[in-house]
Amino acid sequence: MKVFKFGGASVKDAEGVKNLAQVLTTTGDKDLVVVISAMGKMTNAFEQVVTNYFDTKSEVPSALNEIVHFHHTILKELFTSEKHPVFLKVNQLITELSQLLDKNKSKQHPFVYDQVVPYGELISTCIVSAYLLEIGIENTLLDARDCIITDTKYRDANIQWEETQQRISEVVKKKGITVTQGFIASENTHNFTTTLGREGSDYTAAIFGYCLNADTVTIWKDVPGVLNADPRYFNKTTLLHHISYKEAIELAFYGASVIHPKTLQPLQRKEIPLHVKSFYNPTAAGT
Ligand code: ADP
Ligand code: ASP
Ligand code: MG
């Protein structure tokens, strides 16, 4: 069993979703948990909805419309008919979110944030799972909130490991492909949604990897692997083929945004290898 994680950059448009499917076909692994982030920069767009909700409520509908438009553009490129049930499912998620905002009475920003922003991941996984089925890649869509259990520290929730381990063992099928959301979880007192912090989907992949005793965890990126410097700022970077857990933790801790800092620890505890590979070149070794 392996865990794959695809970040926002990998599913930023319809081509990205098609490429994700191609990566699954090329690698050919049959028993997989596939953790997916919100598409492109959608997490920022949902954050804007929350900001508007607290600061300029009248602008919430237009912020939501932008989100609807973005996903519909992708849906229309992926599916030939708008009668496909996925259109209805995505609309239902948006309706659910609007109703949640209408009914909400909480003035706690972190709480409201965690009820709103996860829709990015809920929508992306709904689309990707349906697309994979459409092209014949069988998979089960799992709500990560049924498995990843945390405390109530909204926006930076702490994993309740025992309960999470138990739920994952019970719920995740060891055979076949499971598609689920990164970044999102649920707290164990009232079952409200929580999040693991920005860029937390890498951490979600590590949690599944740890609890399932995965053979490997692979995070698929728009770079060939972990480089000796951030290619956005340096043009002569080299690929690090192997680094120790300790070095990777240091890199992440000092801000190499290629890996979320919390990702390494659970993997190190069970000596599960973490691969960082390019979704443009899935057969290359990466890091
Ligand atoms: P995701 O789509 O998974 O969220 P990110 O955009 O957060 O991916 O992370 C990938 C980016 O991390 C790369 O495009 C690169 O600009 C940046 N990055 C920063 N430091 C490094 C590094 N040391 N090696 C590789 N990429 C790095
Ligand atoms: N979608 C979330 C974010 O953009 C989590 C992630 O992508 O890792 O921060
Ligand atoms: Mg990211």
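None of the values given here were measured: they were computed from a predicted structure.

**Student:** Please clarify how the overall build of the protein chain should be interpreted in this entry.
**Tutor:** Summing up its helical and strand segments, the protein chain has 10 helices and 9 strands in all. Overall, the C-alpha framework of the protein chain stretches about 50 × 45 × 40 Å when taken along its three principal axes. Looking at the 287 residues of the protein chain, the share that counts as buried comes to 51%. For the protein chain, restricting intrachain contacts to residue pairs at least 6 apart in sequence, the fraction spanning at least 24 positions comes to 73%. For the protein chain, the exposed area adds up to about 13800 Å²; of that, 51% sits on carbon and sulfur atoms. Of note, the protein chain has its 29 positive side-chain charges centred 1 Å away from the centre of its 32 negative side-chain charges.

**Student:** Which parts of the structure should I look at to understand the sheet that holds strand β4 (residues 149-150)?
**Tutor:** Adjacent strands of a sheet pair through backbone hydrogen bonds, lying either parallel or antiparallel. What the 3 strands build is an open sheet, ordered β4-β6-β7; its pairing is mixed. The open sheet has two free edges, formed respectively by β4 and β7 (193-195), since each of these has just one partner strand. When strand β6 (residues 184-187) meets β7, the two strands line up antiparallel, connected through 3 bridges. Counted as the bridge partner of I184 is T195 from β7.

**Student:** What is the right way to look at the nonpolar core in this model?
**Tutor:** Buried together is how nonpolar side chains tend to be arranged in soluble globular proteins. Counting residues in hydrophobic clusters, the biggest one holds 93 residues, and the most contacted among them are F46, I148, I168, F208 and I259. Residue contributions to this core peak at 9 residues, all from helix α6 (residues 119-134).

**Student:** I keep staring at the packing of helix α3 (residues 60-78) against helix α4 (residues 85-103) and nothing clicks. Help me out?
**Tutor:** Following both chains from N to C, one finds α3 and α4 inclined at 165°, their axes separated by 11 Å at the closest point. In terms of axis orientation, α3 runs roughly antiparallel to α4. Read as a crossing pair, α3 and α4 show a hand that is right-handed. Here V60, L64, I67, V68, H72, L75 and K76 of α3 lie close against α4, whose contacting residues are V86, F87, V90, N91, I94, L97, S98 and L101. For the contact of α3 with α4, the residue count by class is 11 nonpolar, 3 polar and 1 charged.

**Student:** Sorry if this is basic, but what is going on with the packing of helix α7 (residues 161-171) against helix α8 (residues 201-211) here?
**Tutor:** Any two packed helices are characterised by the angle at which their axes cross and by the distance between the axes. Contact pair α7 / α8: the axes reach a minimum separation of 9 Å and the direction vectors enclose 70°. Considering the angle they form, α7 stands roughly perpendicular to α8. Where α7 abuts α8, its residues W161, T164, Q165 and I168 lie against Y203, I207, F208, Y210 and C211. A breakdown of the residues in the contact of α7 with α8 according to their chemical character gives 7 nonpolar, 2 polar and no charged.

**Student:** Before we go on, may I ask you to explain the site of ligand 1 in this structure?
**Tutor:** Around ligand 1, the structure places 18 residues, and the nearest of them are K5, K221, D222, L227 and R232. In this structure, a nitrogen atom belonging to ligand 1 sits 2.9 Å away from a main-chain N or O atom of L227. R232 places a polar side-chain atom, nitrogen or oxygen, 3.0 Å from an oxygen atom of ligand 1. Calculation on ligand 1 without its partners gives an accessible area of 580 Å², and the protein chains cover 89% of this total. Within the shell around ligand 1, the residues separate by chemical class into 8 nonpolar, 4 polar and 6 charged.

**Student:** What am I meant to see in the sheet that holds strand β8 (residues 216-221) here?
**Tutor:** Taken in spatial order, the 6 strands of this open sheet run β3-β5-β2-β1-β8-β9, and their pairing is parallel. Across the chains shown, the open sheet's two edge strands, defined by having one partner strand only, are β3 (140-142) and β9 (274-278). Ignoring strand direction, the axes of neighbouring strands in this sheet form an average angle of 25°. Here strand β1 (residues 2-6) runs beside β8; their pairing, made up of 5 bridges, is parallel. Bridge pairing in β8 places K2 opposite T216. Helix α1 (residues 14-27) contacts β1, β2 (32-36) and β8 of the sheet and is inclined by roughly 155° relative to β1. Lying on the sheet, α6 is in contact with β2, β3 and β5 (177-181); it crosses β5 at an angle near 160°.

**Student:** Sorry, what's going on with the pairing of β1 here?
**Tutor:** Here is the key point about a regular strand: its side chains alternate between the two faces of the sheet. Burial analysis of β1 places 4 of its 5 residues in the buried class, which makes it a mostly covered element. Taken together, the 5 bridges between β1 and β2 define a ladder with parallel strand orientation. Of the residues in β2, the one forming a bridge with F6 is I36. Handedness of the crossover joining β1 and β2 through α1: right-handed.

**Student:** How should the site of ligand 2 be read in this particular structure?
**Tutor:** Around ligand 2 sit S37, A38, T43, E121, F183, R198, E199, G200 and S201, and those are all the residues in its vicinity. A distance of 3.0 Å separates an oxygen atom of ligand 2 from a polar side-chain atom of S37. Between ligand 2 and the protein, one listed contact pairs a nitrogen atom with a side-chain N or O atom of E121 at 2.6 Å. About the coverage of ligand 2: the protein hides 93% of its 260 Å² of free accessible area. Per-class residue counts for the shell around ligand 2 are 2 nonpolar, 4 polar and 3 charged.

How each quantity is defined
- Residues numbered from 1 in each chain as written.
- Chains lettered and ligands numbered in written order.
- Predicted model: local features only at pLDDT ≥ 70, side-chain atom pairs only at ≥ 80, totals over all residues.
- Heavy atoms only, no water.
- Helix = DSSP H or I, 4+ residues; strand = E, 2+ residues; numbered from the N terminus.
- Buried < 20%, exposed > 50% of the residue type's maximum accessible area, 1.4 Å probe, protein only.
- Contact = heavy atoms within 4.5 Å.
- Areas by Shrake-Rupley, 256 points an atom, 1.4 Å probe, with all protein chains shown as cover.
- Lys, Arg positive; Asp, Glu negative; His and termini not counted.
- Charge placed at Lys NZ, Arg CZ, Asp CG, Glu CD.
- Pairing = 2+ DSSP bridges.
- Core = buried A, V, L, I, M, F, W, Y, C linked by side-chain atoms within 4.5 Å.
- Axes fitted to C-alpha atoms, helices over the stretch in contact; angles between N-to-C directions.
- Parallel < 35°, antiparallel > 145°, perpendicular 65-115°, else oblique.
- Left-handed = near helix turned anticlockwise from the far one by under 90°.
- Nonpolar A, V, L, I, M, F, W, Y, C, P; charged D, E, K, R; others polar.
- Near = heavy atom within 4 Å.
- Polar contact = N/O pair within 3.5 Å; in protein donor to acceptor, adjacent residues only side chain to side chain.
- Right-handed = clockwise from strand over helix to strand, strands pointing away.

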